[in-house]
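Each chain, written out:
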Amino acid sequence: MKEAHIQLDSSVGAKAAILPGDPARIDRILPYLEHAEALAYNREYRSVAGLYHGMKVIAMSTGMGGSSESIAVEELHHIGVTGMVRIGSCGALQKGIGLGDLVVGCGAIRDDGASKAYVKDIYPAVPDTDLLFEILSAAKKNGYPVHCGVIHSHETFYTDTNDAEEAAWSKLGVLGSDFESAALFTVGRIRGVRTASILNNVVLYGTSTEDSIGSYADGASLTAEGEKREIITALEALHACWEKGLL
Ligand SMILES: O=P(O)(O)O[C@H]1O[C@H](CO)[C@@H](O)[C@H]1O
Ligand SMILES: O=c1cc[nH]c(=O)[nH]1
């Protein structure tokens, strides 16, 4: 039977998945896959499957926010996926993180709602160590600018307190903000799924979030390059784990 939201079942036969937020990003993943086939498009969940150096991989969008992310993780887990890497976008919280630089979370602040629905927020949101190691190895081997540290997953943007909260996290050395990584790490850990998150920085610290995200949507070149970097890094890392029999 097909999963209710992602509309996929275990006949896909993939252990690995890369997870952008935006359904449009799926088109830009396709050139990296062989024998790619469209699978489903229900709500925010658009999926394709293909081969990456012999490894079957699903690319599926998860939409915006921790609740959509948590449903994606649960339903992909039900159909047999054991390794998931988010390829998202973020806003930098530190000067010195350039547009298109990769921000890799070694842990995420659980300022979202979904992860708290699973477990008290004293439980840490951390990625899988093997996937994290392979991500950093691949990014460094390819010469990509990469920053690894604590990231902040928040629930939404337009609250009256968002700017003040981000300034406070910045002072504490947090690298950047997204919406979904904390839910991905938390639900992945609880369900025994390997997860990790690579974020393409689309907002320089101290600049307008809305304008910068608009430029990214319009295909601005530095952030388009960052997106290519995160796709390649995610596929290489998943493949390395798959070859080692970890997925
Ligand atoms: O580009 P994606 O992967 O959606 O990631 C980021 O962009 C969205 C906000 O613009 C949020 O989902 C945030 O996490
Ligand atoms: O500034 C940003 C950009 C993308 N996603 C976020 O959560 N924040």
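Bear in mind that the values here come from a model prediction, so they are computed numbers and not experimental data. (Residues numbered from 1 in each chain as written. Chains lettered and ligands numbered in written order. Predicted model: local features only at pLDDT ≥ 70, side-chain atom pairs only at ≥ 80, totals over all residues. Heavy atoms only, no water.)

1. Examining the UniProt feature "domain: Nucleoside phosphorylase" (unreviewed entry) in the protein
Turning to step 1, where the next piece is worked out: The UniProt entry lists residues 15-198 under the feature "domain: Nucleoside phosphorylase" (unreviewed entry), expressed in the numbering used here.
Turning to step 2, where the next piece is worked out: When the span residues 15-198 is considered, its composition is 31% helix and 35% strand, and the gap between its end C-alpha atoms is 19 Å. (UniProt positions renumbered as here; feature names shortened; annotations may be inferred. Helix = DSSP H or I, 4+ residues; strand = E, 2+ residues; numbered from the N terminus.)

2. Let's talk about the site of ligand 1
Turning to step 1, where the next piece is worked out: Around ligand 1, the neighbouring residues are Gly21, Arg25, Met64, Arg86, Gly88, Ser89, Phe157, Asp178, Phe179, Glu180 and Ile213.
Turning to step 2, where the next piece is worked out: Within the side chain of Arg25, an N or O atom sits 2.6 Å from an oxygen atom of ligand 1.
Turning to step 3, where the next piece is worked out: Coverage of ligand 1 by the protein chains reaches 91% of its 340 Å² of free accessible surface.
Turning to step 4, where the next piece is worked out: If you map ligand 1 onto the pockets, it falls in the largest pocket.
Turning to step 5, where the next piece is worked out: Per element, the largest residue contribution to the shell around ligand 1 is three residues, and it comes from strand 5 (residues 83-92).
Turning to step 6, where the next piece is worked out: The class makeup of the residues in the shell around ligand 1 is four nonpolar, three polar and four charged. (Near = heavy atom within 4 Å. Polar contact = N/O pair within 3.5 Å; in protein donor to acceptor, adjacent residues only side chain to side chain. Areas by Shrake-Rupley, 256 points an atom, 1.4 Å probe, with all protein chains shown as cover. 1 Å grid on protein atoms, 1.4 Å probe; cavity = no way out; pocket = protein on both sides within 12 Å on 5 of 7 lines; lining within 4 Å. Sits in = over half its atoms within 2 Å of the grid points. Nonpolar A, V, L, I, M, F, W, Y, C, P; charged D, E, K, R; others polar.)

3. Regarding the environment of Trp169
Turning to step 1, where the next piece is worked out: Residue position: Trp169 is located in helix 5 (residues 162-171).
Turning to step 2, where the next piece is worked out: Judged by its relative accessible area of 26%, Trp169 is partly exposed.
Turning to step 3, where the next piece is worked out: Here the alpha-carbon distance between Trp169 and Ser115, two residues 54 residues apart in the chain, equals 19 Å.
Turning to step 4, where the next piece is worked out: Excluding its chain neighbours within four sequence positions, the residues that come into contact with Trp169 are Leu93, Ile109, Asp111, His152 and Val174. (Buried < 20%, exposed > 50% of the residue type's maximum accessible area, 1.4 Å probe, protein only. Contact = heavy atoms within 4.5 Å.)

4. Examining the pairing of strand 1 (residues 16-19)
Turning to step 1, where the next piece is worked out: Both faces of strand 1 are covered, namely the face carrying Ala16 and Ile18 and the face carrying Ala17 and Leu19.
Turning to step 2, where the next piece is worked out: Where strand 1 and strand 4 (residues 55-60) come together, three bridges link them in parallel fashion. Within the sheet, the bridge partner assigned to Ile18 lies in strand 4 and is Ala59. (Pairing = 2+ DSSP bridges.)

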